[in-house]
Amino acid sequence: MTTTLLLARHGQTVWHAENRYAGVSDIGLTDTGRAQAEALGRWAAVHSVDAIWTSPLSRAVATAEPACRALGLAPQLEPGLRECDFGVVEGRTLAEFATEDPEWAAAYRADPVANAFPGAEDPTAAAARGVRALREIAAAHPGGRVLVVAHNTLLRLVLCSLLSIPAREYRRVLPRLRNAAISELRMNSDGPAALLSLNVPCGPDMP
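Residues numbered from 1 in each chain as written. Predicted model: local features only at pLDDT ≥ 70, side-chain atom pairs only at ≥ 80, totals over all residues. Heavy atoms only, no water.

### Some words on the pairing of strand 2 (residues 51–54)
And step 1. Because side chains alternate across strand 2, one face comprises the buried residues A51 and W53, and the other comprises I52 and T54, equally buried.
And step 2. Direction of pairing for strand 2 relative to strand 4 (residues 145–150): parallel, over a ladder of four bridges. Its bridge partner being in strand 4, I52 is matched across the sheet by L147.
And step 3. Two elements, strand 2 and strand 3 (residues 76–77), share two bridges in a ladder whose sense is parallel. (Buried < 20%, exposed > 50% of the residue type's maximum accessible area, 1.4 Å probe, protein only. Helix = DSSP H or I, 4+ residues; strand = E, 2+ residues; numbered from the N terminus. Pairing = 2+ DSSP bridges.)

### Some details on the packing of helix 6 (residues 123–140) against helix 7 (residues 152–162)
And step 1. For the pair helix 6 and helix 7, interaxial distance at closest approach is 8 Å and the crossing angle is 80°. As the angle between them shows, helix 6 and helix 7 are arranged roughly perpendicular. Of helix 7, the residues touching helix 6 (which contributes P123, A126, A127, R129, G130, V131, L134 and R135) are L154, L157, V158, S161 and L162.
And step 2. Looking at the contact of helix 6 with helix 7 residue by residue, the class counts come to nine nonpolar, two polar and two charged. (Axes fitted to C-alpha atoms, helices over the stretch in contact; angles between N-to-C directions. Parallel < 35°, antiparallel > 145°, perpendicular 65-115°, else oblique. Contact = heavy atoms within 4.5 Å. Nonpolar A, V, L, I, M, F, W, Y, C, P; charged D, E, K, R; others polar.)

### A closer look at the nonpolar core
And step 1. Within the largest apolar cluster, 39 residues are counted, with the highest numbers of intra-cluster contacts made by L5, L134 and L185.
And step 2. Listed by contribution, the elements that provide at least two residues to this core are strand 1 (2–9), strand 2, helix 4 (94–100), helix 5 (102–110), helix 6, strand 4, helix 7 and strand 5 (182–188).
And step 3. If sequence neighbours within four positions are ignored, L5 has contacts with L134, I137, V146, V148, S183, E184, L185 and M187.
And step 4. Counting residues in hydrophobic clusters, the runner-up holds 17 residues, among them A8, A60, A64 and C68. (Core = buried A, V, L, I, M, F, W, Y, C linked by side-chain atoms within 4.5 Å.)

### Considering the pattern of salt bridges
And step 1. Evaluation of the coordinates by the stated rule reveals ten salt bridges.
And step 2. Residues E18 and R20 are paired through a salt bridge, measuring 2.8 Å at the closest nitrogen-oxygen approach.
And step 3. In this structure E18 comes out as partly exposed when scored by relative accessible area, which is 46%.
And step 4. Judged by its relative accessible area of 21%, R20 is partly exposed. (Salt bridge = Lys/Arg side-chain N within 4 Å of Asp/Glu carboxyl O.)

### A short note on the environment of V14
And step 1. Within the secondary structure, V14 sits in helix 1 (residues 14–17).
And step 2. With sequence-adjacent residues up to four places away left out, V14 is seen in contact with I27, G28 and T30.

### What to know about the sheet that holds strand 2
And step 1. Judged by pairing direction, the sheet is mixed, and its six strands sit side by side in the order 3-2-4-1-5-6 without closing on themselves. Strand pairing shows two members of the sheet lacking a second neighbour, strand 3 and strand 6 (194–195), which therefore form its edges.
And step 2. Here strand 1 pairs with strand 5 via seven bridges, running antiparallel. Its bridge partner being in strand 5, T4 is matched across the sheet by R186.
And step 3. Sitting on the sheet, helix 2 (residues 31–45) is in contact with strand 1, strand 4 and strand 5, with an inclination near 170° to strand 4.
And step 4. Sheet strands in contact with helix 6 are strand 1, strand 2, strand 4 and strand 5, and its direction is about 70° off that of strand 5.

### Section: the environment of Y108
And step 1. Secondary-structure assignment places Y108 in helix 5.
And step 2. In the structure, Y108 is positioned 100 residues away from A8 in sequence and 26 Å away in space, judged by C-alpha atoms.
And step 3. Apart from the residues within four sequence positions on either side, Y108 is in contact with Y21, L94, N115, A116, F117, Y170 and R171.
And step 4. At 3.4 Å, the side chain of Y108 forms a polar contact with the side chain of Y21. (Polar contact = N/O pair within 3.5 Å; in protein donor to acceptor, adjacent residues only side chain to side chain.)

Listed below in structure tokens is the structure:
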């Protein structure tokens, strides 16, 4: 049985506007982020969505809220969809970290999985929990279409895992997921996943 997962990164936050790492920190949306969430809600209202799952972090829940409102659905929270913990760079930019520890920053740029930031969650473990969460969501909605709102780094790691792309390449192959854009993933209960689209805007009025 095939399930379609409509993956969306949450809307813009204050930290993301400045390219700061926001992992487990619970940072709210900007006005732009809220407008992106509304655009996602308008998109969901006309695209056959059967269920909505989200990371428990407030920026993801707030991004899903307009779609839930438009469809009359309650968001289902999945802890496995939370963003990676970025350790010492939470709330900081990579450039700021590089000023403090240029060698580690260079090693991270070369292989962000083998050289994760000090105190950060193991990216391999994060990918595994994210894959497990998506497979469980797909199994709960066989044949359905499910909107999943989560996070930039987690979703890129998960996509690499599901598509057999080396995890260390996630920043190069998938430079970023656009805020509140849709990436369509086909999940098969008895086979590999297939990526049908990536970073598709929700509409011409999307910020």
